[in-house]
Amino acid sequence: MVVTSPVHIEAELLARRRHADHLFELEFRVNRAVAGARPGQFVMLGPIGELALDPFLCRPFSIYRADGEKLSLLVAVVGRGTRLLLEIEPPARLGMLGPLGNGFRVPAAAREIVLVAGGLGVAPLAFLAERLARQGRSVLLVVGVRSAAGLPPLRWLVERGVQVEVASEDGSRGRRGTAIDVLGRLLAGRQLPADSTYLAGCGPRAMLQALHRLTKQRGWQVEVSLENRMACGTGACLGCTLQLAGGENARVCREGPVFAAGEVFL
Ligand SMILES: Cc1cc2nc3c(=O)[nH]c(=O)nc-3n(C[C@H](O)[C@H](O)[C@H](O)COP(=O)(O)OP(=O)(O)OC[C@H]3O[C@@H](n4cnc5c(N)ncnc54)[C@H](O)[C@@H]3O)c2cc1C
Ligand code: FES
């Protein structure tokens, strides 16, 4: 595996596309070091110059697409930092540190790939799905949202050969239910061999725990990508530390954000 060291750059914001009321895609021109990110890695993003003092800290975002020297993030308005970031009009320059974190570790032998996203968890999994489909692997991506209004564009993945199933809690798009309900129905009766099947999930912690419960008896390799509040993103401040199932501590930004599901949940 090629490991790219994180670098601090001024990324050029090329475009800001609104996909839903509170959901935007930010497209940047970056350098090769950042564009060489692996799926599951993230960047810390923040304003530069005078604006950088308020809010003071950069915010972490998963890489959603990377192609050549272009990189996109899918950003939802959550609080003050994201609201201010999304008010910046392109063209503009923003501070970016990355790529950070470990990324997904898909075994070379895995041919059947099942990815489960809850809400914004779709960002790193879309990137992973696209890369794996490009390698000719069979990829099923289940995307769970409350309603169709929260969905990012998914057609580009379908065009690249990814099987996309949408689960909406209000039934406004795809199958009614949560991502885990729909996954359970899709997996029922399917005999996926342990040595060539890989699953990954990203989304709310309760969803990841349900994914672990649903799959732990099957012998598949399952990874989950976690989130926590982050200050430095590089392992220095310990602010993102959480306790794993075995009692040991891990920094989400450094040892993660991707962990084996069995490391996180009993
Ligand atoms: C590895 C990683 C990848 C991420 N990828 C994405 C992504 O692709 N797209 C995206 O939109 N967001 C992503 N996030 C979350 C994003 O970083 C936060 O939404 C953002 O930092 C919020 O900043 P803010 O100033 O707007 O909100 P704040 O004002 O800082 O917080 C607003 C509210 O959101 C809560 N909150 C903020 N950050 C988090 C968090 N990380 N986990 C749980 N609760 C939180 C706060 O407790 C508070 O209640 C990711 C986070 C991590 C750690
Ligand atoms: S954010 Fe500082 S150690 Fe993880």
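### Some details on the nonpolar core
Among the nonpolar cores identified, the biggest contains 36 residues, and Leu211, Val224 and Leu226 are the most heavily contacted of them. Secondary-structure elements contributing two or more residues to this core are strand 3 (42-46), strand 7 (92-100), strand 8 (112-118), strand 9 (138-145), helix 5 (179-187), helix 6 (205-215), strand 13 (221-225) and helix 7 (261-264). Per-element tally for this core: the top contributor is helix 5, with six residues. Leu211 has contacts with Val116, Ile180, Leu183, Leu199, Ala200, Gly201, Val222 and Val224, leaving out every residue within four places of it along the chain.

### Considerations on the sheet that holds strand 5 (residues 65-67)
What the seven strands build is an open sheet, ordered 4-3-7-1-2-6-5; its pairing is antiparallel. The outermost strands of the open sheet, each flanked by one partner alone, are strand 4 (59-62) and strand 5. Taken over all neighbouring pairs, the strand axes of this sheet differ in orientation by 35 degrees on average, direction set aside. Two elements, strand 1 (residues 7-20) and strand 7, share seven bridges in a ladder whose sense is antiparallel. When the sheet's bridge partners are listed, His8 is paired in strand 7 with Leu97.

### Observations regarding the sheet that holds strand 11 (residues 175-176)
Backbone-to-backbone hydrogen bonds pair the strands of a sheet. The strands run either parallel or antiparallel. Read from one edge to the other, the open sheet built from seven strands follows the order 11-10-9-8-12-13-16, with strand pairing classed as mixed. Both edges of this open sheet fall to strand 11 and strand 16 (258-260), since each of them pairs with a single strand only. Two elements, strand 12 (residues 197-202) and strand 13, share five bridges in a ladder whose sense is parallel. For Tyr198, the partnering residue across the bridge sits in strand 13 and is Gln221. Set on the sheet, helix 3 (residues 122-134) makes contact with strand 8, strand 9 and strand 12; between it and strand 8 the angle comes to about 160 degrees.

### Describing the pairing of strand 10 (residues 163-168)
Buried residues dominate strand 10, accounting for five of its six residues. One ladder, built from six bridges, connects strand 9 with strand 10; its direction is parallel. Each residue of the ladder has a partner; that of Val142, found in strand 10, is Glu165. Alignment of strand 10 against strand 11, held across two bridges, turns out to be parallel. Paired with Ser168 across the two strands is Arg176, which belongs to strand 11.

### Digging into the domain arrangement of the protein chain
Assigned domains of the protein chain: these are domain 1 (7-100) and domain 2 (112-264). Here domain 1 and domain 2 have C-alpha centroids that lie 22 Å from each other. The contact between domain 1 and domain 2 buries some 1,900 Å² in all, and 68% of this surface belongs to carbon and sulfur atoms. Between the two partners, domain 1 and domain 2, sit zero salt bridges. Remark: the boundary between domain 1 and domain 2 carries three residue pairs in polar contact (both at pLDDT 80 or more). Contributing elements (two or more residues each) for the side of domain 1 that touches domain 2: strand 1, strand 3, strand 4, strand 5, strand 6 (70-76) and strand 7. Residue composition of the side of domain 1 that touches domain 2, by class: 16 nonpolar, four polar and two charged.

### Here's the deal with the site of ligand 1
Around ligand 1 sit 19 residues, and of these Pro60, Leu74, Gly81, Thr82 and Arg229 come closest. Contact distances for ligand 1 include 2.7 Å between an oxygen atom and a backbone N or O atom of Gly81. Out of a free accessible area of 880 Å², ligand 1 has 75% covered by protein chains. At a threshold of 2 Å from the grid points, most atoms of ligand 1 map onto the largest pocket. Those elements that provide at least two residues to the shell around ligand 1 are strand 4, strand 6 and helix 2 (80-87).

Thresholds applied
- Residue numbers restart at each chain and count upward from 1, following the sequence in its written direction.
- To label them, take the chains in the order written and letter them from A, then take the ligands in the order written and number them from 1.
- This being a predicted model, a pLDDT of at least 70 is required before a residue's local features are given, and a value of 80 or more before pairs of side-chain atoms are given or counted; all residues contribute to the totals for chains, interfaces and linings.
- Side-chain metrics in this entry use all non-hydrogen atoms of the structure; hydrogen atoms and water are not considered.
- What we call a nonpolar core is a set of buried Ala, Val, Leu, Ile, Met, Phe, Trp, Tyr and Cys residues that are connected through their side-chain atoms within 4.5 Å.
- Buried means the residue's accessible area, taken with a 1.4 Å probe over protein chains only, is under 20% of the maximum for its type, while exposed means over 50%, and partly exposed covers the values in between.
- Going along the chain from the N terminus, every DSSP run of H or I of four or more residues is numbered as a helix, and every run of E of two or more is numbered as a strand.
- Whether two residues are in contact is decided by their heavy atoms: any pair within 4.5 Å suffices.
- In this analysis, strands are considered paired if DSSP registers two or more bridges between them.
- To get an axis, a line is fitted to the C-alpha atoms, and for a helix only the part in contact is used. The angle between two axes follows their N-to-C directions and goes from 0 to 180 degrees.
- Domain start and end points were adopted from an automatic or database domain assignment.
- The term buried area means the drop in 1.4 Å probe accessible area that two parts suffer when joined, counted for both and summed.
- Basic side-chain nitrogens of Lys or Arg form a salt bridge, by our definition, when they fall within 4 Å of a carboxyl oxygen of Asp or Glu.
- Polar contacts, as used here, are pairs of N or O atoms within 3.5 Å; protein pairs need one atom able to donate a hydrogen and one able to accept it. Residues neighboring in sequence count only if both atoms are side-chain atoms.
- The classification used treats Ala, Val, Leu, Ile, Met, Phe, Trp, Tyr, Cys and Pro as nonpolar, Asp, Glu, Lys and Arg as charged, and all other residues, Gly among them, as polar.
- Whether a residue is near a molecule or strand depends on its heavy atoms: it is near if one of them lies within 4 Å of it.
- Residue burial considers only the protein chains on display, and all accessible areas are found by Shrake-Rupley using a 1.4 Å probe.
- The way it works is a 1 Å grid over only the protein atoms, where trapped points that fit a 1.4 Å probe form a cavity and open points with protein on both sides within 12 Å along at least five of seven lines form a pocket, and then any residue with an atom within 4 Å of a point lines it.
- A cavity or pocket is said to hold a molecule if more than half of that molecule's atoms lie within 2 Å of its grid points.

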